[in-house]
Amino acid sequence: MILAIDQGTTGTTCLVFGADGELAGRGYREFEQHFPKPGWVEHDADEIWQVTQAVAGEALDDAGVDELQAIGITNQRETVCVWDPSTGEPLHHALVWQDRRTAERCDELREQGHEPLFRERTGLVLDPYFSGTKIEWLLRNVDGLEQRARSGRAVFGTIDSWLTFKLTGEFATEPSNASRTLLYDIRRGAWDEELCELLGVPVRALPEVRPSVGEFGTASLHGFEAPVAGIAGDQQAALYGQACLDPGLGKNTYGTGSFVLLNSGDEAPPTQEGLLTTVAWSIGQRTTYALEAAIFVTGAAVQWLRDGLGIIREAAETEGLAASLESNDGVYFVPALTGLGSPHWDPYARGTIVGLTRGSTRAHLARASLEAMAYQTVDAIDAMARGGAPELRELKADGGATVNGWLMQFQADVLGVPVVVPEIEQTTALGAASLAAVGAGLWSQDRVVEGWRERRRFEPQMRDDERRALLEGWQRAVRVTRAQTGGTQD
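Keep in mind that this is a model prediction, so the values were computed, not measured. (Residues numbered from 1 in each chain as written. Predicted model: local features only at pLDDT ≥ 70, side-chain atom pairs only at ≥ 80, totals over all residues. Heavy atoms only, no water.)

Student: So what's going on with the pattern of salt bridges? Residues and values would help.
Tutor: Counted according to the given criterion, the structure contains 35 salt bridges. We note a salt bridge from R313 to E317, for which the minimum N-O separation is 3.9 Å. Overall, R313 belongs to the exposed group, its relative accessible area being 72%. By relative accessible area, which is 15% here, E317 ends up buried. One network of salt bridges, with partners in common, ties together R77, E78, R180, D234 and E292. (Salt bridge = Lys/Arg side-chain N within 4 Å of Asp/Glu carboxyl O. Buried < 20%, exposed > 50% of the residue type's maximum accessible area, 1.4 Å probe, protein only.)

Student: Please set out helix α4 (residues 132-141) residue by residue, giving values where relevant.
Tutor: The element α4 is extensively covered by neighbouring structure, given that eight of its ten residues are classed as buried. Residues of α4 that are buried: G132, T133, K134, I135, E136, W137, L138 and L139. As for α4, its buried residues are in contact with β6 (80-83), β7 (94-95), α2 (103-111), α5 (145-150), β8 (155-158) and α8 (193-198). (Helix = DSSP H or I, 4+ residues; strand = E, 2+ residues; numbered from the N terminus. Contact = heavy atoms within 4.5 Å.)

Student: Report on unusual backbone geometry, specifying residues and quantitative values.
Tutor: What you tend to see is this: most non-glycine residues have negative phi, and most peptide bonds are trans. Each neighbour pair has its own omega, and for S342 with P343 the value is -5 degrees, a cis peptide bond. One can find P343 in the loop between β19 (332-334) and β20 (352-354). With phi around 70 degrees, L182 is a residue other than glycine that occupies positive phi space. Structurally, L182 is set in the loop between α7 (175-178) and β10 (184-185). Classification of L182 by relative accessible area gives buried; the value is 1%. At W345, a residue that is not glycine, the phi angle is positive and equals roughly 50 degrees.

Student: Go over the sheet that holds strand β18 (residues 286-295), please, and point to the residues and values.
Tutor: The strands making up a sheet associate through hydrogen bonds between their backbones, and the pairing can be parallel or antiparallel. Spatial ordering of the open sheet is given by β17-β18-β16-β15-β21-β22-β23, a layout of seven strands whose pairing is mixed. For this open sheet the edge positions go to β17 (276-283) and β23 (454-458), each flanked by a neighbour on one side alone. On average, each strand axis in the sheet is tilted by 30 degrees relative to the strand beside it, whichever way the strands run. Lying on the sheet, helix α12 (residues 362-386) is in contact with β15 (250-254), β16 (258-265), β18 and β21 (395-398); it crosses β18 at an angle near 130 degrees. (Pairing = 2+ DSSP bridges. Axes fitted to C-alpha atoms, helices over the stretch in contact; angles between N-to-C directions.)

Here it is in structure tokens:
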């Protein structure tokens, strides 16, 4: 049995897989989101650890496990934790990838001419989405933290490092997560001392970078002892779980945000406007790279309809509400609730709803939220095509929103290519389990490919003129959104 810990932005999922790859047990719990100021998003790292332990126990009990052979971890990526390495106690709330408090600092670094250096070394853009300026903010704003970090009494890590430390006592990460920090040279495969110095981050306060597949220490969990044998950031794990192991294969994960990744092989592709170059995973001495488009808010918009506006009780209602309308009646929702990611990279953009009339209902808002997921995916894939990526023949889709048949059909319609949903839609957790199984010597990579199975395929059915009209309406809405803060359409 293999335990996959999928530590997400709004909750933690644990899945148990058998040796044949079949799902044997599961558990899930949400945890609290903290919003101390507009644009600020925080998590309690200790609560995440407590929830992870509880959910792992539920999944192992559900599976009736007698022996646990390996543990895989996948995680929300750019979120930063800081803790005392001697006590394991957090020293501040974790700053979440959605947090925008360092937007002005990113502007300052850009104005000083530093962005080309960051782009060249890390494959990323200067944006508060990434971890580096979050760590800098903590060092500058938490009393005594800088001195503690320089003397070894405070350490920083993404969520994978935090969970690995709590599970095994090891202070380690791996390249797919390290490559999201603005501090890691993705071609050299090491922390970049020049970038660390630029942001005032002591290298000694950062975790050891190990291959994504292999030993990260032995965990004691729910009465079992097993090696943590595979780790990857959530989107890279989903790419692996979708069996996109060869160059040119890609997927989209529909979660809190949406992320399109395309396997780029053993060479890091040149930086492209509006896109990211990132590490997909490393196995032994071999590093695999990916081209990525990051969309900040998709599923989070539906959560906002539920928790912020109270117009739905659960996310599943949106499917019926969207289907109850013959069209969107000109209502568009640009969910820039934490800025806009690829291909715009506008941290100051804020959410906008256009086209409302007296006849607009909650069904229009539900439909507009689902449509926005699909439109943003089209924008991302178009950006890849402009950058010379291979023509997309089908889109492998995963994540919680793939259960929404209306959304998947609409995505195929506006994209103009088939959308394929795998038999196990939680491919992020499957990817973590697969990495761990390979790391523990239980599976080969060929087994990962052979084990992938299609559950449902959605073929495009929309007329070309209807597709063009919808996308033009979306682009107008994006222009309105960006004009509010001085942004321009890319």
